[in-house]
Each structure stands twice: as C-alpha cells, then as structure tokens.
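The primary structure of each chain is shown beneath.
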Amino acid sequence: VHNVYGVVLPRRSRDQYVECTKLEKAELQQGDLVFFKTGRGVSHVGMYLINGYFTHASTSIGVTISNLSETYWSKKFIGGGRINTPGNMPVVVE
C-alpha cells in the first residue's frame, strides 16, 4: 500500500479499522479496505476492487481475489473503511 498509494497503514487489521472512515458495503469504492471477523474482533482485511470483488492474503493459498457475496465472506464481513488521506478522498487506481 505504501509503495503504490504512498500511505502507511498500521500492521494489524484491527488498528487499520480504527484509522479508517467507516463505510457501508454500498459505499465501497476501488482502493477501500474491507474488514472481516474471522477470529476475535476485526481479524482480516482486504482491499476492495470492483463489483463486490476484493483482494486479500489467504494463509492457505496466498494472495487471492474473492467476492463479498460468497457465503463465507458475507457472514464474516464487518464493514468497509476508507483510508484517511488528505481531504479524505478515495484512493483509486486508474
């Protein structure tokens, strides 16, 4: 994230969640973060792509793309977050 967007994020997903502006699923834009409860509290994070898809690191298969509508992820979804950048503008990759 730092190399591409120039943004430094906290290492832990729960700390990233605290630092973000909270979003509903319908408000997500490319580059926003999506947070999940796979353990205790916020325990997994991914980066939103488009049309419900997000990329994240899986311990079993490495970096992958999943969809928020998949049964597993829809049950674990806590919410979205926008990285607080100057002017709180969304981070978009062209």
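All values reported here derive from a predicted model rather than from experimental measurement.

Turning next to the overall build of the protein chain. Helix and strand content of the protein chain: three helices and six strands. The linear arrangement of helices and strands in the protein chain, starting from the amino end, is α-α-β-β-β-β-β-α-β. Carbon and sulfur atoms make up 52% of the accessible area of the protein chain, which totals about 5,900 Å².

Next up on the list: the sheet that holds strand E3 (residues 44-48). One open sheet accounts for six strands, arranged E1-E6-E2-E3-E4-E5; its pairing is antiparallel. The open sheet has two edge strands, strand E1 (21-23) and strand E5 (62-67), and neither has a second partner. Taken pair by pair, the neighbouring strands of this sheet meet at an average axis angle of 35°, ignoring direction.

Let us now look at the nonpolar core. Grouped together as the largest cluster of nonpolar side chains are nine residues: Leu 23, Leu 28, Val 34, Phe 36, Tyr 48, Phe 54, Leu 68, Trp 73 and Phe 77. Within the second largest apolar cluster, seven residues are counted, among which are Val 7, Leu 33, Val 42 and Ile 83.

Secondary-structure assignment places Ile 83 in the segment after strand E6 (77-82). Given the relative accessible area of 3%, Ile 83 is considered buried. For the pair formed by Ile 83 and Asp 32, sequence separation is 51 residues and the distance between their alpha carbons is 6.7 Å.

This paragraph deals with the pattern of salt bridges. Under the defined criterion, the tally for this structure stands at two salt bridges. Put simply, Arg 12 and Asp 15 hold a salt bridge, and the shortest N to O gap is 2.9 Å. A relative accessible area of 37% means that Arg 12 is categorised as partly exposed. Put simply, Arg 82 and Asp 32 hold a salt bridge, and the shortest N to O gap is 2.8 Å. Of this pair, Arg 82 sits in strand E6 while Asp 32 sits in the loop between E1 and strand E2 (33-36), and the two are 50 residues apart along the sequence. Both residues of the pair, Arg 82 and Asp 32, count as buried.

Let us look at the environment of Gly 41. Looking at where Gly 41 falls in the secondary structure, it is placed in the loop between E2 and E3. Note on Gly 41: relative accessible area 35%, which makes it partly exposed. Linking Gly 41 and Ser 13, residues 28 residues apart in sequence, is a C-alpha distance of 9.6 Å. Beyond its immediate stretch of four places on either side in the chain, Gly 41 contacts Phe 36 and Ile 78.

Rules used in this analysis
- Residues numbered from 1 in each chain as written.
- Predicted model: local features only at pLDDT ≥ 70, side-chain atom pairs only at ≥ 80, totals over all residues.
- Heavy atoms only, no water.
- Helix = DSSP H or I, 4+ residues; strand = E, 2+ residues; numbered from the N terminus.
- Areas by Shrake-Rupley, 256 points an atom, 1.4 Å probe, with all protein chains shown as cover.
- Pairing = 2+ DSSP bridges.
- Axes fitted to C-alpha atoms, helices over the stretch in contact; angles between N-to-C directions.
- Core = buried A, V, L, I, M, F, W, Y, C linked by side-chain atoms within 4.5 Å.
- Buried < 20%, exposed > 50% of the residue type's maximum accessible area, 1.4 Å probe, protein only.
- Salt bridge = Lys/Arg side-chain N within 4 Å of Asp/Glu carboxyl O.
- Contact = heavy atoms within 4.5 Å.

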